[in-house]
Amino acid sequence: MKLNKERLVVVGGGMAGAACIDEVIAQEPERYDITFLSAEAQVNYNRVLLAQVLRGEKGAAEISLQEPDWYAKNEITLHAGCRVERIDRHARSVTDAEGRQFPYDKLVLATGSKALVPDIPGAGLDGVVCFRDLDDTGKIKAILERGETQKRVAVIGGGLLGLEVAYSLSSLGAEVTVVHLMDRLMERQVDGVAAELLTNDLINLGVEVKLSHESIEITGSESVDGLKFSDGTAIDVDMVVMSIGIRPNIGLAAGSGIYCEKGIVVSDVMQTYDPAVFAIGECVQHRGRTFGLVASVFEQARVLANHLAGDCRLYFTDRPSPTRLKVPGINLYSAGEVEQGPGTESIEYLDRGAGLYKKVLIKDDTIKGVILYGDVIDGPELFALLVEEVDISPRRHRLLFGMGGTGGTGAVLSVKDLPDETIVCGCNGVTKGTIVEAIEQKGLFTAEEVSLETKASASCGGCSGLVERILESVLGSGFDASLARTGICACTPYSREEIVKYIKEQGLRSVEDVMERLGWESVGCETCRPALNYYVNMVWPESAVDDRSSRLINERAHANIQNDGRFSVVPRVNGGVITPDELKRIADAAIKYDVDLVKITGGTRIGLYGVNRDDLPKVWGDIGMESGYAYAKAVRTVKTCVGERFCRYGTQDSTGLGVELEGLLGGLSTPAKVKFGVDGCPRNCAESAVKDIGITGVAGGWEIYVGGGAGIELFGGEKLATVESKAEVVEIAGAFLQKYREEAVYGERTARWVKRVGIEALKRTVVESIDERGELVERLHTALKGMKDPWEQARKSQAQA
């Protein structure tokens, strides 16, 4: 413990507890000796993004809100996996399940909530899960992966979280049914019109919806096999996901005698009836209300930190919080009241064909409720009008048709007029004031810089439009829109990052889907079409629609075109090892088809040059070997030396490792061509020092180098890791390759990508972080599962024709 500091203990490792600590450090960094106790092993991750983890769009490490070393850097004592079981208020200490005691001067309870589970028969069967944390995500994935049959899943609950998990499960190939007790989805957040549009959109996505259905029994002996309803009907299911709501987790507080009702009762400064104990987040009850949305949680953290820091000027006010459904392809935003009451009128716009619906509820010339479906860009600003109770009578005719940018006589409320406390990014609790301060003090000019500095728009991206408008309002004439968005080509203003983001979030699985959804103004060009085809196939390896017309001629023909219009054939030779029979078949084909040249290539392969296009399938068939992908942006070759088996200098089995690597990874699509080199000793006979991925045998193990290249420019590989076993080489090289696949710009070689990203950042991801490495390897294996040899496929197609 640091001397002369008060002891602050925070119980609960979720977003509320971590936000409180973050605010305390920002406001009074030297006042407290902070101990952070988290029951979960992974601390402070963004639960808003759990559905993206379930869908495989993000890894567990990617939704963490702090770097692992942040706590140590800020002198915070973190105990992860520490479940607190009792509070001794007299002695002012807490005790965990292992008997460890943690004394405090001030205690913050951020114990969150528990999922509601209906008291019906079968609720304890294997296959009944909730969806609240990373552990639940893991359980759901494990059930989906049992066996090879399509899983049938019932999601009980038609609220926000239930619909997010339903879509996610459907996108993973499950047959999903949403079961809801009420007669419309999200009945507390939307009216009947929006609920109808939402239901139709879900059905179009392949999700069945059963409204007004009461679940009365989950059937099965040990595992779930069905779900019965009160009307006598039933459905067959393999998994039931409970998503009917939450209840504050008050057990620890109530057990210590702290006054609780529905939640831990707190004052306007988040103080319990014990003056040394405070509480925030989903566990609390403030003026009769409990909370479940992050905006309120972050505001509570700010208020509490203000008082812990001694300033004592802020008080928590229960203000409305907006709701945004984060399902790709479905845009929904709502806040405040849903239905008209006495004295309330509405302004509405509905276009069912276009899937657009806008509704504003007004009373006494102020907004009382907002529902936006399809086009939600103006949601945050309409919400600000609602919260600030602005008189909208002078411009009520413009409420539904654009808020008016940074000002001007036509604007209902300019961005400059938004209060500083307006929450712009609900996912991360970032206010307009925080963004403005960062822009002014840090000299920021782009939305990307704002995101890195404040985390605004870093999660779901729904607030990115408003962030850009705030940038424009602060910078004025200094705002350059071209800096904020640079397109991948002249056909589009969208950047690579934006395109990939939309492909993931909106489930775009073809080039045409991307162009249609993002408003391409032409049929595309030779720059964007191949890139889009790569991105959709990279994001959705199991379900993307490959567009052959978007591939370059070499990839369409599965062979390199020569300067005379004929082609070369280079079969795959794993690690440069070939059998006599394979040599004979290559020689026979060269004679039969009278090729111009037979040559040993730089990658130690054998190439046949001068093959007519019509003869390609015949040559492939006679050779009887897989494609060597010499024509593709893919893993092309793994060059090896003979290694310890034959060379007196060799220290490791380079040939065996090279054969294994190429057998696993050969032909995998990548942003640009990728070449491996595996040397059995540091003499570099296989040129591993200048390969995209180079592996060098040393005494006792292997060194892995990345980002090398010996083309027009010479790049020496940078050392990524030293390992002892072949298995470690395969795993780390695979993780590096998958990260390159997911993050590099199409056409960008590893040499430039490694320089851009930085070798230290890559070490943290693919070497030091076991979890993140494992997630990358898992996604790599998903991509590898769907690979088929193009030469064999072409031969089969020709035979069927």
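Residues numbered from 1 in each chain as written. Predicted model: local features only at pLDDT ≥ 70, side-chain atom pairs only at ≥ 80, totals over all residues. Heavy atoms only, no water.

1. Details of the environment of Ile 250
Here is step 1 of the chain: Structurally, Ile 250 can be placed in the loop between β17 (246–248) and α7 (251–255).
Here is step 2 of the chain: Sequence separation between Ile 250 and Cys 260 is ten residues, and the spatial gap between their C-alpha atoms is 7.2 Å.
Here is step 3 of the chain: Residues contacting Ile 250, with those up to four places away along its chain left out, are Cys 260, Glu 261, Lys 262, Gly 263, Ile 264 and Cys 283. (Helix = DSSP H or I, 4+ residues; strand = E, 2+ residues; numbered from the N terminus. Contact = heavy atoms within 4.5 Å.)

2. Looking at the sheet that holds strand β32 (residues 635–640)
Here is step 1 of the chain: Spatially, β32-β33-β34-β35-β38 is the arrangement adopted by the five strands of the open sheet, whose pairing is mixed. In this open sheet, the two edge strands, each paired with only one partner strand, are β32 and β38 (718–723). Going from strand to strand, the sheet's axes swing by 15° on average, the running direction of each strand aside.
Here is step 2 of the chain: Direction of pairing for strand β34 (residues 693–698) relative to strand β35 (residues 701–706): antiparallel, over a ladder of six bridges. Within β35, the residue paired with Ile 695 across the bridge is Ile 704.
Here is step 3 of the chain: Those strands touched by helix α20 (residues 654–665) are β32, β33 (674–679), β34 and β35, and its axis lies near 170° from that of β32.
Here is step 4 of the chain: Across the sheet, helix α21 (residues 726–743) lies against β32, β33, β34, β35 and β38, angled at about 145° from β38, the strand it touches most. (Pairing = 2+ DSSP bridges. Axes fitted to C-alpha atoms, helices over the stretch in contact; angles between N-to-C directions.)

3. Describing the sheet that holds strand β28 (residues 560–561)
Here is step 1 of the chain: With antiparallel pairing, the four strands of this open sheet are ordered in space as β28-β29-β31-β30. Both edges of this open sheet fall to β28 and β30 (597–600), since each of them pairs with a single strand only.
Here is step 2 of the chain: Alignment of β30 against strand β31 (residues 606–611), held across four bridges, turns out to be antiparallel. Of the residues in β31, the one forming a bridge with Val 598 is Leu 608.

4. A closer look at the confidence of the model for the protein
Here is step 1 of the chain: A residue-level look at the protein finds 95% of positions with pLDDT of 70 or above and a mean pLDDT of 89.
Here is step 2 of the chain: Across residues 403–412 the pLDDT falls below 50, and counting only partners more than four positions away or on other chains, this stretch makes 30 contacts in the model. (pLDDT = per-residue confidence, 0-100.)

5. Remarks on the packing of α21 against helix α23 (residues 759–768)
Here is step 1 of the chain: Where α21 meets α23, the closest approach of the two axes is 9 Å, and the angle between their N-to-C directions is 125°. It follows from the interaxial angle that α21 and α23 lie oblique. Viewed along their axes, α21 and α23 form a crossing whose handedness is right-handed. Judged by residue contacts, Ile 732, Ala 735, Phe 736 and Lys 739 of α21 engage Leu 762, Thr 765, Val 766 and Val 767 from α23. (Parallel < 35°, antiparallel > 145°, perpendicular 65-115°, else oblique. Left-handed = near helix turned anticlockwise from the far one by under 90°.)

6. Regarding the side chain of Ser 296
Here is step 1 of the chain: Checked against the element boundaries, Ser 296 lands in helix α8 (residues 294–308).
Here is step 2 of the chain: For Ser 296, the residues in contact, after removing those within four places along its chain, are Phe 291, Phe 316 and Ser 321.

7. So, the nonpolar core
A general tendency of soluble globular proteins is for nonpolar side chains to be buried together.
Here is step 1 of the chain: Grouped together as the largest cluster of nonpolar side chains are 54 residues, with contacts concentrated most on Val 94, Leu 107, Val 108, Leu 109, Ile 280 and Leu 308.
Here is step 2 of the chain: Ranked by the residues each element gives to this core, the list is headed by helix α1 (residues 15–27), at eight residues.
Here is step 3 of the chain: Those residues in contact with Ile 280 that sit more than four places away from it in its chain are Ala 16, Gly 17, Cys 20, Val 108, Leu 109, Ala 110, Met 270, Gln 300, Ala 301 and Leu 304.
Here is step 4 of the chain: Counting 43 residues, the second-largest nonpolar core is a separate cluster that includes Ile 143, Val 178, Val 190 and Leu 198. (Core = buried A, V, L, I, M, F, W, Y, C linked by side-chain atoms within 4.5 Å. Buried < 20%, exposed > 50% of the residue type's maximum accessible area, 1.4 Å probe, protein only.)

8. Focus on the pairing of strand β7 (residues 106–109)
Here is step 1 of the chain: Residues Lys 106 and Val 108 of β7 are buried on one face, and the alternating residues Leu 107 and Leu 109, pointing to the opposite face, are buried as well.
Here is step 2 of the chain: Taken together, the three bridges between β7 and strand β19 (residues 277–279) define a ladder with parallel strand orientation. Residue pairing across strands places Leu 109 opposite Ala 279, the latter belonging to β19.

9. So, the side chain of Ser 256
Here is step 1 of the chain: With respect to the element layout, Ser 256 can be found in the loop between α7 and β18 (264–266).
Here is step 2 of the chain: Residue Ser 256 is classed as buried on the basis of its relative accessible area, which comes to 14%.
Here is step 3 of the chain: Setting aside residues up to four positions removed in sequence, Ser 256 forms contacts with Ile 87 and Arg 89.

10. Digging into helix α11 (residues 447–454)
Here is step 1 of the chain: Within α11 the residues assigned to the buried category are Ala 447, Val 450, Ser 451 and Thr 454. Along α11, the residues classed as buried sweep out an arc of 100° about the axis, all on the same side.
Here is step 2 of the chain: On its buried side, α11 packs onto β27 (430–431), α10 (432–442) and α12 (464–475).
Here is step 3 of the chain: One side-chain oxygen at the N-terminal end of α11 lies 3.1 Å from the backbone nitrogen of Glu 449; it belongs to Thr 446.
Here is step 4 of the chain: Immediately beyond the C-terminal end of α11, within one or two residues, lies Lys 455, with a positive phi of roughly 75°. (Arc of directions from axis to C-beta. Polar contact = N/O pair within 3.5 Å; in protein donor to acceptor, adjacent residues only side chain to side chain.)

11. Digging into the packing of helix α22 (residues 750–757) against α23
Here is step 1 of the chain: Their axes nearest at 6 Å, the elements α22 and α23 cross at an angle of 90°. Judged by the angle between their axes, α22 and α23 are roughly perpendicular. Where α22 approaches α23, its residues Trp 753, Val 754 and Val 757 are matched on the opposing element by Ile 759, Ala 761 and Leu 762.
Here is step 2 of the chain: Looking at the contact of α22 with α23 residue by residue, the classes come out as six nonpolar, no polar and no charged. (Nonpolar A, V, L, I, M, F, W, Y, C, P; charged D, E, K, R; others polar.)

12. Some words on the pattern of salt bridges
Here is step 1 of the chain: Here the structure, examined in full by the defined rule, presents 51 salt bridges.
Here is step 2 of the chain: Residue Arg 319 pairs with Glu 388 through a salt bridge whose shortest N-O separation is 3.7 Å. Within this pair, whereas Arg 319 is found in the loop between α8 and β21 (323–327), its partner Glu 388 is found in helix α9 (residues 379–388), the two being separated by 69 residues in sequence.
Here is step 3 of the chain: A residue is classified by how much of its surface remains accessible, and Glu 388, at 32% relative accessible area, is partly exposed.
Here is step 4 of the chain: Linking Lys 639 and Glu 687 is a salt bridge whose minimum nitrogen-to-oxygen distance equals 3.3 Å. Of this pair, Lys 639 sits in strand β32 while Glu 687 is found in the loop between β33 and β34, placing the two residues 48 residues apart along the sequence.
Here is step 5 of the chain: Assessed through its relative accessible area of 33%, Glu 687 is described here as partly exposed. (Salt bridge = Lys/Arg side-chain N within 4 Å of Asp/Glu carboxyl O.)

13. A closer look at unusual backbone geometry
Here is step 1 of the chain: If you check the backbone angles, Ser 212 has positive phi at about 55° while not being a glycine.
Here is step 2 of the chain: Its location among the elements puts Ser 212 in the loop between β12 (208–210) and β13 (215–219).
Here is step 3 of the chain: One non-glycine residue, Glu 389, adopts positive backbone phi at about 55°.
Here is step 4 of the chain: Structurally, the position occupied by Glu 389 is in the loop between α9 and β26 (423–425).
Here is step 5 of the chain: Exposure remark for Glu 389: the relative accessible area of 54% places this residue in the exposed category.

14. Considering the state of the cysteines
Here is step 1 of the chain: Here the structure, examined in full by the defined rule, presents zero disulfides.
Here is step 2 of the chain: For Cys 641, which is in no disulfide, the shortest distance to another cysteine sulfur is to Cys 685 and amounts to 5.9 Å.
Here is step 3 of the chain: Residue class for Cys 641 comes out buried when judged on its relative accessible area of 16%. (Disulfide = S-S within 2.5 Å.)

15. Considering the packing of aromatic side chains
Any two aromatic rings considered together are summarised by their centre-to-centre distance and by the angle between their planes.
Here is step 1 of the chain: Under the defined criterion, the tally for this structure stands at eleven aromatic pairs.
Here is step 2 of the chain: A centroid spacing of 5.8 Å and a plane angle of 65° characterise the contact between Tyr 534 and Tyr 535, whose relative ring orientation is edge-to-face. Taken as a pair, Tyr 534 and Tyr 535 share a single burial class, namely buried.
Here is step 3 of the chain: Among the aromatic residues, those joined into a ring-pair cluster are Phe 36, Trp 70 and Tyr 71.
Here is step 4 of the chain: The positively charged end of Lys 501 is found above the aromatic ring belonging to Tyr 502, 4.9 Å away from the centroid.
Here is step 5 of the chain: Arg 509 extends its terminal NZ or CZ atom over the ring of Trp 540, reaching a point 3.8 Å from the ring centre. (Phe/Tyr/Trp six-rings, centres within 6.5 Å; stacked < 30°, edge-to-face > 60°. Lys NZ or Arg CZ within 6 Å of the ring centre and 35° of its normal.)

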